[in-house]
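What the coordinates show
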Amino acid sequence: MTRLRPTDPSQLSINTATLWESGLREVAEGLCRHGIRGIAPWRDRVAQVGIAQARRILDDCGLSVTGLCRGGMFPAAGAGERQLAIDDSLRAIDEAAALGAKCLVMVCGGLPEGSRDLPAARQMVRDGLGATLGHARSCRVPIAIEPLHPMTTAERSCINTLCQALDLCDELDPDAAGAIGVAIDAYHVWWDPDLQTQVERAGKLRLLAFHICDWLRPTTDLALDRGMMGDGVIDLPRLRSCMEAAGYDGMHEVEIFSKHNWWKRPVDEVLAVCKSRHREVC
Ligand code: ZN
């Protein structure tokens, strides 16, 4: 495994998906107790308390919001449904702005029900992103396209490689005005032979978020069996060094969907392990 300079604990952020059973306040207070400075909430956790209260909770705990999850899910069979997804993403941009989030993460969406037309689905993603970009720009909330592992193509995202995501950025934001970029989730992109080249291509402007966890061997559930950093096969220091060489200086957001392991453990245990693994193996 690659080693490089130690991680800075102040760069640690926790995605609320890592503490699935907890509400926003519980997560925020846990982060406070452990001296963790960043959080990335999912919108349902924000909605449970309301946006104004969410902002107060995060401010009281002095947390930076490394991203709001999520907008997107653009492809759909009918124009009406596609518009609903766009409207939802516009609301998500408003919420991200109200929370002072560094970006809105986009999970772009897979194939519409009953469809086998992948190029059309990808076109719908392009159109959906295009329809939200002006609002993102005026709210000063950059959109972060998160390419998802190819195993998710049917149901969650037909944008599967960093290259695809960056091609979309270049098409929609040719002047690189900073309205759109990418979220690099180690779990989704670690296998990509083109990863380093594409991270370099992205550069500081387009690298908006860095999500970390590990790929377990074997993996028992392709969505809900993510590993804690250090428990799997991803060379996280190599990826971090590549991100840093490309200019990324933002936070490292732990995002672990783990139905049968980490979600069952107490908040304080999960956060203590996140902190020590971030220090030791990332
Ligand atoms: Zn992610």
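Placed above this text is the structure.
Residues numbered from 1 in each chain as written. Predicted model: local features only at pLDDT ≥ 70, side-chain atom pairs only at ≥ 80, totals over all residues. Heavy atoms only, no water.

So, helix H1 (residues 24–33)
What H1 keeps buried is the set Leu24, Val27, Ala28, Gly30 and Leu31. Taken end-on, H1 shows its buried residues confined to a sector of 160 degrees, consistent with a single buried face. Structurally, H1 contributes buried residues whose contacts are with strand S1 (12–15), strand S2 (38–40), helix H2 (43–49), helix H3 (51–60) and helix H10 (267–281). Trailing H1 by a residue or two, glycine 35 shows a phi angle of about 65 degrees, which is positive. (Buried < 20%, exposed > 50% of the residue type's maximum accessible area, 1.4 Å probe, protein only. Helix = DSSP H or I, 4+ residues; strand = E, 2+ residues; numbered from the N terminus. Arc of directions from axis to C-beta. Contact = heavy atoms within 4.5 Å.)

Things to note about the sheet that holds strand S6 (residues 143–145)
Pairing within the open sheet is parallel, and its nine strands lie in the order S3-S2-S1-S9-S8-S7-S6-S5-S4. Here the strands that pair on one side only, and so sit at the sheet edges, are strand S3 (64–65) and strand S4 (68–72). Relative to S3, S2 runs parallel, the two sharing two bridges. Within the sheet, the bridge partner assigned to isoleucine 39 lies in S3 and is valine 65. Packing of helix H9 (residues 236–245) onto the sheet brings it into contact with strand S7 (180–185), strand S8 (207–212) and strand S9 (252–254), and relative to S8 it is tilted by some 170 degrees. (Pairing = 2+ DSSP bridges. Axes fitted to C-alpha atoms, helices over the stretch in contact; angles between N-to-C directions.)

Structural notes on helix H8 (residues 195–206)
Here H8 is 12 residues long, yet its end C-alpha atoms lie only 14 Å apart, well below the 16 Å a rise of 1.5 Å per residue gives. When we look at burial in H8, the residues that qualify are Leu195, Gln198, Val199, Ala202, Gly203 and Arg206. On its buried face, H8 is in contact with helix H6 (162–172), S7, helix H7 (186–189), S8 and H9. (Expected span 1.5 Å × (residues − 1).)

A look at unusual backbone geometry
Excluding glycine, a negative phi dihedral is what most residues carry, and trans is how most peptide bonds are arranged. Omega for the bond connecting cysteine 69 with arginine 70 falls within 30 degrees of zero, at -5 degrees, which places this linkage in the cis form. The residue after arginine 217, namely proline 218, is reached through a cis peptide bond having omega 0 degrees. When you line up the elements, proline 218 lands in the loop between S8 and H9. Backbone geometry at methionine 73 places phi at a positive 55 degrees, although glycine is not the residue there.

Quick look at the coordination of the zinc ion
The coordination sphere of the zinc ion contains the protein donors Glu146 (OE), Asp185 (OD), His211 (ND1) and Glu255 (OE), at a distance range of 2.0 to 2.3 Å. Angles of 84 to 148 degrees at the metal separate the four donor atoms of the zinc ion, which places the site in the irregular class. (Donors = N, O, S within 2.8 Å, 3.2 Å for Na, K, Ca; no water. Tetrahedral: all angles 85-135°; square planar, octahedral: opposite > 155°, others 65-115°.)

Looking at the pairing of S7
With six of its six residues buried, S7 lies for the most part within the structure. Where S6 lies against S7, three bridges are found, and the strand directions are parallel. Residue pairing in the sheet places isoleucine 143 in a bridge with isoleucine 180 of S7. For the crossover that starts at S6, traverses H6 and ends in the parallel S7, the hand is right-handed. Pairing geometry for S7 and S8, over four bridges, is parallel. Bridge pairing links aspartate 185 to histidine 211 in S8. (Right-handed = clockwise from strand over helix to strand, strands pointing away.)

Some points on the pairing of S1
Neither face of S1 is exposed, since Leu12 and Ile14 on one face and Ser13 and Asn15 on the opposite face are all buried. Here S1 pairs with S9 via three bridges, running parallel. Its bridge partner being in S9, serine 13 is matched across the sheet by glutamate 253. Once the chain exits S1 it traverses H1 before rejoining the sheet at S2, and the crossover so formed is right-handed.

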